[in-house]
Amino acid sequence: GNDTYTLHQFHFHFGEDETKGSEHQMCGSPRMAEMHMVLLNKRWVAEENPVPWDLDNPERGTRLMVLGSMIMAYEDAPANEWFQPILDAVYFPEPRQSGQGKKRDFRDQGLAYFANTSGPSQGPIYLDKLLPAEWNTKYYTYAGGLTTPPCSQIATWFIFENAVVWSMDQLKQLRKATTFYHFSHVHHHGYTAILYLCVMLIIGTLTKQMLVRYAPTIPYPMVVMLWGAVINWFASIENDGQLNPMQMSIRMWSNIDGHIVLYVWLPILLFGDVIKLNFHTMVQTFWQACMLAGPGVLLSTILTGLVVQYLYLDWSWSFSLAIGSLLSATDPIAVLTLMKELGAPKGLTYQISGESLFNDGTSVILFTVFFDMSRHRRGQYASVARLIRIITRMIFFSPCLGILVGAIAVYWMKKASRRHSKTDALVQLSVLLVAAYLGFFLSDNSKIGQASGILTTVACAAVISFRAWPFIVSREAIENVWATAEHVLITMIFSVVGILMSRAKLSQNVNGRDVLNCIILYLAVFAIRAVVVFVCRPFMNCMGPHKVTNKESVFLIWGGLRGVIAIALVLFVKSVQSGSNRTWPHDRDQQAEQITFLVGGVVFLTLLVNAPTARPMLKCFGLVYGTAADKYKLQIVDHVMMRIVRAAEDAYEATCLKLKHDAVDIIRHCSLLERLNDSSRATPNQLALTDGALKANAKTEQPVLAIAGTVNDEDVGFTLDMIQDHQSKANG
């Protein structure tokens, strides 16, 4: 035809020995290596004339053209001079002698000494010299797809019959690249991924322990993001031109596929949030939460998209709206924990938590539509009727599927509800895990449900929360397992974002202008949040018993933190925009790193600024006790707790006197006895001995003296107040 193609990139496939290497085979046998030249159709590059994605369209296969050249190497063959500038970019330095200076930072090296990276050529490259002899007459061709995920059927292949000849030294030079990761699947060193997981869990667990004890107001996800950046910096030093296991492990996690994030992280986190809710209280604020999660998210998406488009004029409108949709999802976990701790109004608490759950689904639906449009999939949204049909399927089919899965799970759990049965407790926990993941997969999978996995998961968890708790065998086991899973997933996802943000900032793709844009976007997000809340507030007050006051409106705005959903979606965008999927009309690595930095920066700022200041804001607004009934309940709880503490202290003293031994060491391990620390009641036997001495002095009418000495080799002292107190007891 008349199509014009431009070279986008070329890459090599090779193996560790002569028996494998090429993706294609000639006469049933593989070759030692294979080079692919990927060319893009200019018609696809042009935004106004994209090639359709429709499978039935014959133009679909003209999106890409791939030229495949087989490579063979021989011991006696001379070096192929045309490939040498490329091979010289594969960096493998000789072992460095001690004292030769500072180690190099592999991020700034710019040389492809490990797989899946690119580097500058070491001389001019002539493309026609890279092709085999008779390339224009001897070739095989077929209409096919990409050999890496998503394996889209958008390419026409040309495989040349003749092979390019290299010297064996050149092939060995290519093999010196560390082949540990090949797009989305692991070749030889996949097990090293466990190293970063273990290291990050050790650091994260210690951090969690310290924060809970000494700095409970600091959000844990924010600190984990900082740890990710620090670990990436420490692990970025080159080790004689080779990647050490930690560097390999970090690189695998930083190149994690976005679908894994969506399918592994989100079901557990969403499911856990829903099953903890009080369903009956949640029903009262359901429509108010839907008001913010429906029209509110739509309005927020449009306004945020306008801001993003203004900051980055070269981005398409559909892509800017996709970024606006993922920034519209709230995740106020830290704020909700604080509100429950301080006794904030339940209506406000459930409005914030309900909005967070429901707007996740709305945001993902809008993100799916706009992001697909930005990827030139406008054909499936060509008509308004079809767009409405797709959104309707997501909104109505997803909850129905979730209710079905939840009902089956409840029935199964009811049949395994024998008390004190470890097997039934294990069955119930397994059913919950399957329900969380299976519902999400069935709904979100494009070949099965084509709906919203988030809405399905929320509906499934709501059914279980409403019906299953009365016959749960071990509620403690379920809560502990889910809390552990959430801790692991949050630790890993936020640390990975910390790594990606630090790398983006240190690269040439993110500059000072992007940092300023991140701050502007953060301010704009909460200004837009204010607009949404005050627009929706009159309607919300007509939809439920809880009326939103001015102070509560301000806290609704300030408490709208961004978190897991935004992070998960931005990792998905990054994995599609760069690295593993090189099928775009132009190089979007810069755009991918800018998106990661912007969204990660907004999430970080909400955790840094909004979360720690929520406590003083609640106290300033007088929202810490909620209604009068809530305040009375807290007073009752405090009174009961005080009686329990007094009973524990009396029991401690009685036991020590009975056994004639003061167990001071026990006090440090029992929170109910913490008031006894450094008090005379911690040593009742010693106190009894003192009382006896004072009483004897009182009977003989001898003057009372302050005594200082030792009892059982321990220092003992009595103050004047203590002596007077004991005198009054003795005389009384």
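Residues numbered from 1 in each chain as written. Predicted model: local features only at pLDDT ≥ 70, side-chain atom pairs only at ≥ 80, totals over all residues. Heavy atoms only, no water.

Colleague: Describe the overall build of the chain, listing the residues and the values that go with them.
Modeller: Within the chain one finds 24 helices and 11 strands. The 732 residues of the chain split such that 49% are buried. A total accessible area of about 36,000 Å² is found for the chain, and carbon and sulfur atoms account for 61% of it. (Helix = DSSP H or I, 4+ residues; strand = E, 2+ residues; numbered from the N terminus. Buried < 20%, exposed > 50% of the residue type's maximum accessible area, 1.4 Å probe, protein only. Areas by Shrake-Rupley, 256 points an atom, 1.4 Å probe, with all protein chains shown as cover.)

Colleague: Mind laying out the side chain of S398, listing which residues take part and the relevant values?
Modeller: Of note, S398 is situated in helix α13 (residues 384–415). Judged by its relative accessible area of 0%, S398 is buried. Excluding residues that lie within four positions of it along the chain, S398 makes contacts with R393, S443, A451, S452, L455 and T456. (Contact = heavy atoms within 4.5 Å.)

Colleague: Would you mind going over the packing of aromatic side chains in detail, with residue names and values included?
Modeller: Summed over all chains, the structure comprises 21 aromatic pairs. Aromatic pair Y142 and W157: ring centres 6.1 Å apart, planes at 0 degrees, arrangement stacked. Taken together, the residues Y142 in strand β6 (residues 139–144) and W157 in strand β7 (residues 155–167) connect sequence positions 15 residues apart. Given a relative accessible area of 36%, Y142 falls into the partly exposed group. (Phe/Tyr/Trp six-rings, centres within 6.5 Å; stacked < 30°, edge-to-face > 60°.)

Colleague: An account of the sheet that holds β7 is requested, with residue identities and associated values reported.
Modeller: One open sheet holds the five strands; their spatial order is β1-β4-β5-β7-β6, and the pairing between them is mixed. Each edge of the sheet is formed by a strand with only one pairing partner; in this case those strands are β1 (5–14) and β6. Pairwise comparison of adjacent strand axes, ignoring direction, gives a mean angle of 25 degrees for this sheet. The pairing of β6 with β7 spans six bridges and is classified as antiparallel. Across the sheet, residue Y139 finds its bridge partner in β7, namely F160. Sheet strands touched by helix α3 (residues 168–175): β1, β4 (33–41), β5 (64–74) and β7. Its angle to β7, the strand with the most contacts, is close to 120 degrees. (Pairing = 2+ DSSP bridges. Axes fitted to C-alpha atoms, helices over the stretch in contact; angles between N-to-C directions.)

Colleague: Explain the pairing of β5 to me, using residue names and the numbers behind them.
Modeller: Burial analysis of β5 places 10 of its 11 residues in the buried class, the great majority of the element. Here β4 runs beside β5; their pairing, made up of eight bridges, is antiparallel. Counted as the bridge partner of L39 is M65 from β5. With 10 bridges connecting them, β5 and β7 associate as parallel partners. Considered in β7, the bridge of L64 is made with A155.

Colleague: Just give me the short version of the nonpolar core, but keep the residues and values in it.
Modeller: Counting residues in hydrophobic clusters, the biggest one holds 135 residues, and the most contacted among them are F271 and F494. Excluding anything up to four places from it in sequence, F494 contacts P221, V224, M225, G563, V564, I567, V603 and L607. (Core = buried A, V, L, I, M, F, W, Y, C linked by side-chain atoms within 4.5 Å.)

Colleague: Outline the packing of helix α9 (residues 286–311) against helix α10 (residues 317–326), supporting the account with residue identities and numerical values.
Modeller: At their nearest, the axes of α9 and α10 sit 7 Å apart, and the two run at 125 degrees to each other. Viewed along their axes, α9 and α10 adopt a mutual orientation that is oblique. Along this stretch, α9 crosses α10, giving a crossing that reads as right-handed. Judged by residue contacts, T301, I302, T304, G305, L306, V308 and Q309 of α9 engage W317, S320, L321, I323, G324 and S325 from α10. Class assignment for the residues of the contact of α9 with α10 results in six nonpolar, seven polar and no charged. (Parallel < 35°, antiparallel > 145°, perpendicular 65-115°, else oblique. Left-handed = near helix turned anticlockwise from the far one by under 90°. Nonpolar A, V, L, I, M, F, W, Y, C, P; charged D, E, K, R; others polar.)

Colleague: Before we move on, could you go through the pattern of salt bridges and cite the residues and values that matter?
Modeller: Within the structure shown, the criterion is met by five salt bridges. Residue D424 is joined to R418 by a salt bridge in which the shortest nitrogen-to-oxygen separation is 2.9 Å. Judged by relative accessible area, which is 6%, D424 ranks as buried. Residue classification places R418 among the exposed positions, given a relative accessible area of 53%. As a salt-bridge pair, E479 and R475 come within 3.1 Å of each other at their nearest N and O atoms. Here E479 pairs with R475, and both are found in helix α16 (residues 475–506), just four residues apart, close to one helical turn. Here E479 falls in the partly exposed class, since its relative accessible area comes to 41%. Overall, the relative accessible area of 43% leaves R475 in the partly exposed class. (Salt bridge = Lys/Arg side-chain N within 4 Å of Asp/Glu carboxyl O.)

Colleague: Talk me through α9; I want residue IDs and the actual numbers.
Modeller: Under the 1.5 Å per step criterion, the end-to-end length of α9 is 36 Å for 26 residues, consistent within 8% with the ideal 38 Å. A bend of about 40 degrees at G296 is the largest found in α9. (Expected span 1.5 Å × (residues − 1). Bend = angle between axes of the 7 residues up to and from the residue.)

Colleague: I'd like a description of unusual backbone geometry, backed by residues and values.
Modeller: Residue E134 is not a glycine yet carries a positive backbone phi of 55 degrees. Checked against the element boundaries, E134 lands in the loop between α2 (84–87) and β6.

Colleague: Residues and numbers for the confidence of the model for the chain, please.
Modeller: Looking at the chain, pLDDT values average 77 and 76% of them are 70 or higher. This stretch, residues 179–188, has a pLDDT under 50; its non-local contacts, to residues over four places away or in other chains, come to 30 contacts. Confidence drops under pLDDT 50 across residues 579–587; counting only partners more than four residues distant or on other chains, this segment forms 30 contacts. (pLDDT = per-residue confidence, 0-100.)

Colleague: Requested: an account of the packing of helix α14 (residues 422–444) against helix α15 (residues 453–467), with residues and values cited.
Modeller: Angle between the axes and distance between the axes: these two values describe a pair of packed helices. The N-to-C vectors of α14 and α15 enclose an angle of 145 degrees; their axes lie 7 Å apart at closest approach. The handedness of the crossing between α14 and α15 comes out as right-handed. Across from L432, A435, A436, G439, F440, S443 and D444 in α14, the residues of α15 making contact are G453, I454, T456, T457, C460 and I464. For the contact of α14 with α15, the per-class residue count stands at seven nonpolar, five polar and one charged.

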